[in-house]
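The residues making up each chain are set out below.
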Amino acid sequence: MSRAGLACATAAAVIAAAGGALSGGTGHLTHARDIVATLVSPAAAQSAEEPIYYQDPDGKPVYSPTPKTTADGRAFRAVPPSADLNFDDVEEAAAPAAPAPTPATASGERKIKFYRNPMGLPDTSPVPKKDPMGMNYIPVYEGEESDDGSVSLSPQKIQRTGVKSERAAMRLIRTTIRAPGAIQLDERRVSVIAMRSESFIQSVANVTTGSKVAKGEPLMQVYSPTVSSAAAEYVATINSKTVGGVATYGRGSRQRLVNLDVPEAAIVAIEKGGPVPTVLQWSAPRDGIVLERNVIEGARANPGDVLFRIADISQVWALVDVAERDLGALSVGQAVSVRARGYPGRVFEGRVSVIYPQVNRDTRTARLRIELPNPDMALLPEMYLDAEIDTGNPQPVLAVPDSAVLDSGERQVVLVQQGEGRFAPREVKLGHRGGGYVEVRQGVSDGEAVVVSANFLIDAESNLKAALKSFSDAGAMK
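First, a word on scope: everything that follows refers to the structure included in this document. Predicted model only: the values in this text are computed from it and were never measured. (Residues numbered from 1 in each chain as written. Predicted model: local features only at pLDDT ≥ 70, side-chain atom pairs only at ≥ 80, totals over all residues. Heavy atoms only, no water.)

So, about the packing of aromatic side chains. Using the criterion set out here, one finds 1 aromatic pair in the structure. Note that arginine 346 overlies the ring of tyrosine 343, its terminal NZ or CZ placed 5.9 Å from the centroid. Above the face of the tryptophan 317 ring, arginine 369 is positioned so that its terminal group lies 3.8 Å from the ring centre. (Phe/Tyr/Trp six-rings, centres within 6.5 Å; stacked < 30°, edge-to-face > 60°. Lys NZ or Arg CZ within 6 Å of the ring centre and 35° of its normal.)

Encoded structure:
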């Protein structure tokens, strides 16, 4: 006999036994009704709660969906829904679980769309359900399963994972490119002294390699048969009684001396009536430092031999090598700060004058030329240096912290905070980087909050949600 039938039979017996009392008055009738209600109600309630599973009688974590006995013949304890256990917290495994949520909540509240596996497995259910460990499936409400990949987190989970956000705002993005280099001579400020005819060195001034010389300072005295012959011809032409007064007749002779690189001072002395010079004095063509001296008294100098090389180092070049990836941020005229390793703490200011149109195939670097004023001649050729080039847009641009960007190599994504614990991934187009921020050219608006910390955890949950949705959609199509 079922529990409901047994309860009815018992109630009938009690009513029959109380028959005399029914005729005694209304008071006795009411008392009988109370007795019947007391006996029937628990039985009816018990019959409405059929066991949902069976548990070991000793309380061990052994369960069965059907009636079962232990090895010693004792029956498993039936567990009705009201006595179900909650396994959400291992430390409170024996605490009664809250009643399973129903598909439809009270009027005005959100409606449950389906239930998903509490362990993240690709398994969903249209009705409340438990997994093999007895854990309740998690309800998913309408509106939470959007196609944009957004996820919702509880305030407790946001606090535990350390989620932090920062608003996108207009900022100055200043990027500094650092590159090594070396000091080189300005090619336009180097002079070479060489004879244009066969000559002999008569004497050399007290000038050696490394000496500083001034423009016009004597360097050496040279005897050249060719120069002496040309000088004698010029003197004869300008002193001739026939053509001496005609300027055009002496022009050719003078030009010959110029072509032989005779100093202008020596030519002027000849024109003033001086004697034909046997030995000519060669002087420094510019202020600078003697880089090379190849003359010895009495030596023979052939045409083209370099006797002196003098360079003006009041302005020098800094040649630096920058990485190929930084070329797009460079342009001629940009300000550069140079620090020489020989002068710690001192900064030399210059500007980019030339970007060489070639990339080194081995180092993947391009070369820049920076012109540096060097009035005190502190910078010397081949001196090592470190250059810092300030790049970036001088105008504020919309930017977010670097840590907000999830870069897969093919696409860049940020997680936008939408309020009430919801976060949505948003693909963005990036620009310049610098100072811990990156320019956002497309995808985010000014003032929107983006996740800057623990965004990888949120992205992982978003990907998991998308995978679960794809599984559920695939199952619905079968």
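Remark: helix H5 (residues 225-238) packs on helix H7 (residues 264-271), axes separated minimally by 10 Å, with the N-to-C direction vectors making an angle of 35°. For the pair H5 and H7, the crossing hand works out as right-handed. Side by side, H5 and H7 meet where Ala231, Tyr234, Val235 and Ile238 of the first sit next to Ile267, Ile270 and Glu271 of the second. Tallied by class, the residues present in the contact of H5 with H7 amount to 6 nonpolar, no polar and 1 charged. (Axes fitted to C-alpha atoms, helices over the stretch in contact; angles between N-to-C directions. Helix = DSSP H or I, 4+ residues; strand = E, 2+ residues; numbered from the N terminus. Left-handed = near helix turned anticlockwise from the far one by under 90°. Contact = heavy atoms within 4.5 Å. Nonpolar A, V, L, I, M, F, W, Y, C, P; charged D, E, K, R; others polar.)

Its place among the elements puts valine 354 in strand S21 (residues 348-359). Accessibility expressed as a relative area gives 24% for valine 354, which makes it partly exposed. Along the chain, valine 354 and leucine 319 lie 35 residues apart, while their C-alpha atoms are 9.7 Å from each other. Non-local contacts of valine 354, meaning those with residues more than four positions away in its chain, are made with Arg367, Leu368 and Arg369. (Buried < 20%, exposed > 50% of the residue type's maximum accessible area, 1.4 Å probe, protein only.)

What the 6 strands build is a closed barrel, ordered S10-S19-S22-S21-S20-S23; its pairing is antiparallel. Strand-to-strand, the axes of this sheet are offset by a mean angle of 40°, without reference to chain direction. Pairing of strand S20 (residues 335-340) with S21, which is carried by 4 bridges, proceeds in the antiparallel orientation. Bridge pairing in S21 links alanine 335 to arginine 351. (Pairing = 2+ DSSP bridges.)

As a further point, take H5. With 14 residues, H5 ought to run about 20 Å at 1.5 Å a step, and its terminal C-alpha atoms sit 20 Å apart, in line with that. Taken as a whole, H5 has its buried residues at Val227, Ser228, Ala230, Ala231, Tyr234, Val235 and Thr237. (Expected span 1.5 Å × (residues − 1).)

On to the pairing of strand S15 (residues 280-283). A one-sided burial pattern is seen for S15, the buried positions being Leu280 and Trp282 and the unburied ones Gln281 and Ser283. Alignment of strand S14 (residues 218-223) against S15, held across 4 bridges, turns out to be antiparallel. Along S15, the bridge assignment pairs proline 218 with serine 283.

Attention shifts here to the pattern of salt bridges. Per the counting criterion, the structure on display carries 23 salt bridges. Where arginine 171 meets glutamate 166, a salt bridge forms, and the shortest distance between an N and an O atom there is 3.1 Å. Put simply, arginine 256 and glutamate 233 hold a salt bridge, and the shortest N to O gap is 2.9 Å. Pair noted here: arginine 256 is in helix H6 (residues 247-259) and glutamate 233 is in helix H5, with a separation of 23 residues, a long-range link. Residue classification places arginine 256 among the partly exposed residues on the basis of a relative accessible area of 36%. Classification of glutamate 233 as partly exposed rests on a relative accessible area of 37%. Through salt bridges that share partners, Asp186, Arg188, Arg189, Asp312 and Glu371 make up one connected network. (Salt bridge = Lys/Arg side-chain N within 4 Å of Asp/Glu carboxyl O.)

So, on to unusual backbone geometry. Backbone phi values are negative for most residues with the exception of glycine, while trans is the configuration of most peptide bonds. If you check the backbone angles, arginine 364 has positive phi at about 55° while not being a glycine. Mapped onto the elements, arginine 364 comes out in the loop between S21 and strand S22 (365-373). Phi at glutamate 382 is positive, roughly 75°, even though this residue is not glycine. Note on placement: glutamate 382 falls in the loop between S22 and strand S23 (384-391).

Pairing is antiparallel across the open sheet formed by 4 strands, whose spatial order is S11-S18-S16-S13. Edge strands, defined here as strands with exactly one partner in the open sheet, are strand S11 (190-194) and strand S13 (212-213). As judged from the 4 bridges shared by strand S16 (residues 288-293) and strand S18 (residues 306-311), these two strands associate in the antiparallel manner. Bridging from a neighbouring strand, isoleucine 289 pairs with alanine 311 of S18.

Take the pairing of strand S12 (residues 199-204) next. The sheet contact formed by S12 and strand S17 (residues 300-301) spans 2 bridges and is antiparallel. In the strand pairing of S17, serine 199 is matched with alanine 301. Two elements, S12 and S14, share 4 bridges in a ladder whose sense is antiparallel. Each bridged residue has a counterpart across the sheet, and for valine 204 the counterpart in S14 is methionine 220.

Once that is clear, we can look at the nonpolar core. Leu219, Met220, Leu257, Val262, Leu307 and Phe308 are the most contacted members of the largest nonpolar core, which totals 29 residues. When contributions to this core are tallied by element, the ones reaching two or more residues are S12, S14, H5, H7, S15 and S18. Top element by residues in this core is H5. It accounts for 5 residues. Non-local contacts of leucine 219, meaning those with residues more than four positions away in its chain, are made with Ile193, Val204, Ala205, Val207, Val213, Trp282, Ser283, Ala284, Phe308 and Ile310. One finds Ile183, Leu372, Met383 and Ala387 within the second-largest nonpolar core, a separate group that totals 26 residues. (Core = buried A, V, L, I, M, F, W, Y, C linked by side-chain atoms within 4.5 Å.)

With that out of the way, let us pick up the environment of tyrosine 54. Residue placement: tyrosine 54 occurs in strand S1 (residues 53-55). Separated by 13 residues in sequence, tyrosine 54 and proline 67 place their C-alpha atoms 6.3 Å apart. In this structure tyrosine 54 touches Val62, Tyr63, Ser64, Pro65, Thr66, Pro67, Phe76, Arg77 and Ala78, once residues within four positions along its chain are discounted.

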